[in-house]
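Inside the fold
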Amino acid sequence: MPTLDPRSTALVLIDLQHGILGMPVAPRSGAEVLATAKTLAARFRAAGALVVPVRVGWAPNYADAPRQPVDRPMTRPAGGLPADWSDLAEGVAEPGDVVVTKRQWGAFTGTDLDLQLRRRGIGTIVLGGIATNFGVESTARHAWELNYAVVFAEDAMTSVSAEMHGFAMESILPRIGIVSQAADILLGRP
């Protein structure tokens, strides 16, 4: 893993929020992913690199949620989501971070993420979060299409099953970017 320049690298953390961290996930628990992501974010901040926590949320009546016809629609609780469902976990966002709220899986579509990154001269994004093959992969695909270099912090990610996480890590994400462990992602000025 080459050393990344903190001036042109951002850490983008997907959906580390109350409503998602409590869901059943594998191969790692939400708590494990959160701990790794927070440690990685602290390293990025200490190096002067940008941290971008991303959360997903919709209006209480789901008026702004995706409605395309699908074979397996996402379950939406009657009466709406709990009030803190979209709140980021404690310590995920710090002053100076750019917090993005999305309304679909990927963090680019319908948000100002690309604008925020480009204005800061970011050319490389490091991704982590939940779920590997939904929010993280969707964001990664779009980032790759926008010509960002992408690095995946594999141990700062998990999915709805170990099999889905494994498939994404072995078959999809290595074609989009570099797969690494969080501790192996180094930041330093050239």
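Below is a short write-up of the structure. Note that the coordinates shown come from a computational prediction; the quantities given were computed from them, not determined experimentally.

Positionally, I178 belongs in strand β6 (residues 178-180). When the C-alpha atoms of I178 and V126 are compared, they prove to be 9.2 Å apart, with 52 residues separating the residues in sequence.

Moving on: the pattern of salt bridges. Evaluated as defined, the whole model comprises six salt bridges. E137 serves as the salt-bridge partner of R141, at 2.8 Å between the closest nitrogen and oxygen. Of this pair, R141 and E137 both sit in helix α4 (residues 132-145), four residues apart, which is roughly one turn of that helix.

Turning our eyes to something else, we now look at unusual backbone geometry. Here A26 and P27 are connected by a cis peptide whose omega angle stands at 10°. Within the secondary structure, P27 sits in the loop between α1 (18-21) and α2 (30-46). Although it is not a glycine, D15 sits at a positive phi angle of roughly 55°. The topology assignment puts D15 in the loop between β1 (9-14) and α1. At N147, a position not held by glycine, the phi torsion is positive, near 75°. Within the secondary structure, N147 is located in the loop between α4 and β5 (149-158).

The next subject is the sheet that holds β5. Pairing is parallel in the open sheet, where six strands are placed in the order β3-β2-β1-β4-β5-β6. Two strands in the sheet have a free side with no partner beyond their single neighbour: β3 (100-102) and β6. Strand-to-strand twist of the sheet, defined as the mean angle between neighbouring strand axes without regard to direction, takes the value 25°. Of the pairings in the sheet, the one linking strand β4 (residues 124-130) to β5 comprises six bridges and is parallel in character.

L16, F44, V126 and I130 are the most contacted members of the largest nonpolar core, which totals 28 residues. Sorting the residues of this core by element identifies β1, α1, α2, β2 (50-56), β4 and β5 as the ones contributing at least two each. By residue number, the principal contributor to this core is α2, which donates six residues. Residue contacts for I130: discarding those within four places in its chain leaves I14, D15, L16, I20, L21, V25, G30, V33, V136 and T158. Counting 27 residues, the second largest nonpolar core, distinct from the first, contains F108, L117, A168 and I176.

How each quantity is defined
Every chain is numbered independently, its residues counted from 1 as its sequence is written. Thresholds applied to this predicted model are a pLDDT of at least 70 for local features of residues and 80 or more for the giving and counting of side-chain atom pairs; totals over whole chains, interfaces and linings are not thresholded and use all residues. For the side-chain quantities, the full set of heavy atoms in the structure was used; hydrogens and water were omitted. Secondary structure elements are defined from DSSP: runs of H or I of at least 4 residues count as helices, runs of E of at least 2 residues count as strands, and each element is numbered from the N terminus. In the sections that follow, a salt bridge refers to a side-chain nitrogen of Lys or Arg positioned within 4 Å of a carboxyl oxygen of Asp or Glu. Strands are labelled as partners when DSSP assigns at least two bridges between them. Comment: axis = line fitted to C-alpha atoms, over the contacting stretch for helices; angle = value between 0 and 180 degrees taken between N-to-C directions. Take the buried residues of types Ala, Val, Leu, Ile, Met, Phe, Trp, Tyr and Cys, join any two whose side-chain atoms come within 4.5 Å, and each joined set is a nonpolar core. Only protein chains enter the accessibility calculation, which uses a 1.4 Å probe. A residue is then buried if its area is under 20% of the maximum for its type, exposed if over 50%, and partly exposed in between. Contact criterion: two residues are considered in contact whenever any of their non-hydrogen atoms come within 4.5 Å of each other.

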